[in-house]
Every structure is written in C-alpha cells, then in structure tokens.
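Breakdown of the fold
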Amino acid sequence: MASLNVGPLGEYIREQRRNAQYSLRQLAEAAGVSNPYLSQIERGLRKPSAEILQQIAKALRISAETLYVQAGILEERRGEGLELRASILADPLINERQKQALLAVYDAFLKENAAAADPVTAADGAEDPAGGVGGSTDEHRGEAP
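Residues numbered from 1 in each chain as written. Predicted model: local features only at pLDDT ≥ 70, side-chain atom pairs only at ≥ 80, totals over all residues. Heavy atoms only, no water.

With that settled, the discussion passes to the packing of helix H2 (residues 24-31) against helix H4 (residues 50-60). Relative orientation of the contacting elements H2 and H4 amounts to 115°, with a least axis distance of 8 Å. Crossing angle aside, the handedness with which H2 passes H4 is right-handed. Taken together, the residues of H4 that come into contact with H2 (itself represented by Leu-27, Ala-30 and Ala-31) are Gln-55, Ile-56, Ala-59 and Leu-60. A class-by-class count of the residues in the contact of H2 with H4 yields 6 nonpolar, 1 polar and no charged. (Axes fitted to C-alpha atoms, helices over the stretch in contact; angles between N-to-C directions. Helix = DSSP H or I, 4+ residues; strand = E, 2+ residues; numbered from the N terminus. Left-handed = near helix turned anticlockwise from the far one by under 90°. Contact = heavy atoms within 4.5 Å. Nonpolar A, V, L, I, M, F, W, Y, C, P; charged D, E, K, R; others polar.)

Here it is as structure tokens:
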C-alpha cells in the first residue's frame, strides 16, 4: 500500500492547533469532525478532503489556501488565484473530477494570458495547433467548441 505522505500536513495542523491553544477535542468539535479522525489527520494516517481542510482552517482562523498548499492540493504561488482555487476545491456542489476540470481551464487561461503578455512566449504560442494564442479574432463567433 502506498504511503499517503500527509505527515507534514498533520504536523502543520497540530502546530497551528497548539498555537491557537486548542485541545484536539476542542478543534475537532469546532471543525465539525470526529476526535479520532482529526487525530489520524495529525498523525499523517488520513488525507482529508478539501472540504474538511476548509472546516479545520475556519476553526483555526487560518487561510484554507495555506492548508491546501500544505496538503499538496495547491501549488504555492505568488500572486492571485489562490482564493479562487480554494473556493473551487471547497465547493461541495461539484465533484472532484469537475473541480479538477475547472482548475485545468483556469490554468490554461492563465498560461494563455502570460504568453500574450510576453512577446517571446507569444511567438512560440502562435504555432500552437489549438490556436490558443496566435489565432485570429474571428475564430470565435459565439459557437460552442
């Protein structure tokens, strides 16, 4: 069985819990999770969902994005987009496949915009068969792809 590699996340949550002066039981209650489940998360035995991480972050009064980065759900980035990514990942109305699809589209838009802002990259993107960067403006006439 493969290792979950969530030890650093659990250690981070434990550290934040102690900094907030919460007992394990108090944090579990505030986050709406069971005491044994939170204990397993802290010991690196369980990998919590984005929704559970959001509940824990709210109880600890820390950024959910910080926990997402610690969990490896989000890459640590400098700049905008973390709040949007966190919101997508925490949305209980869509499933994990849909969340990943939304994030992939968002990343594609960011890459396209970065390429358009950098003439060297934009020149490379002009040969993109998908027509992502160097395409004509009449390509899109409101038709669905």
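There's plenty left to go through after this.
Inspection of the secondary structure assignment puts Ala-59 in helix H4. Of the residues examined, Ala-59 reaches a relative accessible area of 8% and is grouped as buried. For the pair Ala-59 and Glu-29, spaced 30 residues apart in sequence, the C-alpha to C-alpha distance is 8.9 Å. Setting aside anything within four residues of it in sequence, one finds Ala-59 in contact with Tyr-22, Leu-27, Ala-30 and Ala-31. (Buried < 20%, exposed > 50% of the residue type's maximum accessible area, 1.4 Å probe, protein only.)

The subject of this paragraph is the nonpolar core. With 27 residues, the main nonpolar core has Ile-13, Leu-27, Leu-38, Leu-53, Ile-56, Leu-67 and Tyr-68 as its most contacted residues. Here this core gets 7 residues from one element, more than from any other, and that element is H4. Ignoring anything within four residues of it in the chain, the contact list for Leu-67 reads Leu-9, Tyr-12, Ile-13, Leu-53, Ile-56, Ala-57 and Ile-62. (Core = buried A, V, L, I, M, F, W, Y, C linked by side-chain atoms within 4.5 Å.)

Quick look at the confidence of the model for the chain now. In the predicted model, the chain carries a mean pLDDT of 77, and 74% of its residues have values of at least 70. Counting contacts from residues 125-145, a segment whose pLDDT is below 50, to residues more than four positions away or on other chains yields 8 contacts. (pLDDT = per-residue confidence, 0-100.)

Quick look at helix H5 (residues 64-71) now. Among the residues of H5, those classed as buried are Ala-64, Glu-65, Leu-67, Tyr-68 and Ala-71. Looking down the long axis of H5, one finds its buried residues gathered within 160° of arc, a one-sided arrangement. Packing partners of the buried residues in H5 comprise helix H1 (7-19), H4 and helix H6 (82-90). Where H5 ends, the next residue or the one after it, Gly-72, has phi of about 85°, a positive value. (Arc of directions from axis to C-beta.)

Turning to H1, a few remarks are in order. An ideal rise of 1.5 Å per residue puts 18 Å on 13 residues; H1 measures up with 18 Å between its terminal C-alpha atoms. Among the residues of H1, Leu-9, Gly-10, Tyr-12, Ile-13, Gln-16 and Arg-17 are the ones counted as buried. Looking straight down H1, one finds that the buried residues subtend no more than 160° of arc, so they occupy a single side. Residues of H1 that are exposed and point more than 90 degrees away from the buried face comprise Glu-11, Arg-18 and Asn-19. Packing partners of the buried residues in H1 comprise H2, helix H3 (35-42), H4 and H5. Just past H1, the residue Gln-21 takes up positive phi, approximately 60°. (Expected span 1.5 Å × (residues − 1).)

Next up on the list: unusual backbone geometry. The phi angle at Gln-21 is positive, at roughly 60°, despite the residue not being glycine. Position of Gln-21 relative to the elements: it lies in the loop between H1 and H2. Judged by relative accessible area, which is 70%, Gln-21 ranks as exposed. The residue Arg-61 is not glycine, and still its phi comes out positive at about 60°. Locating Arg-61 in the fold gives a position in the loop between H4 and H5. According to the relative accessible area criterion, Arg-61 is exposed, its value standing at 70%.

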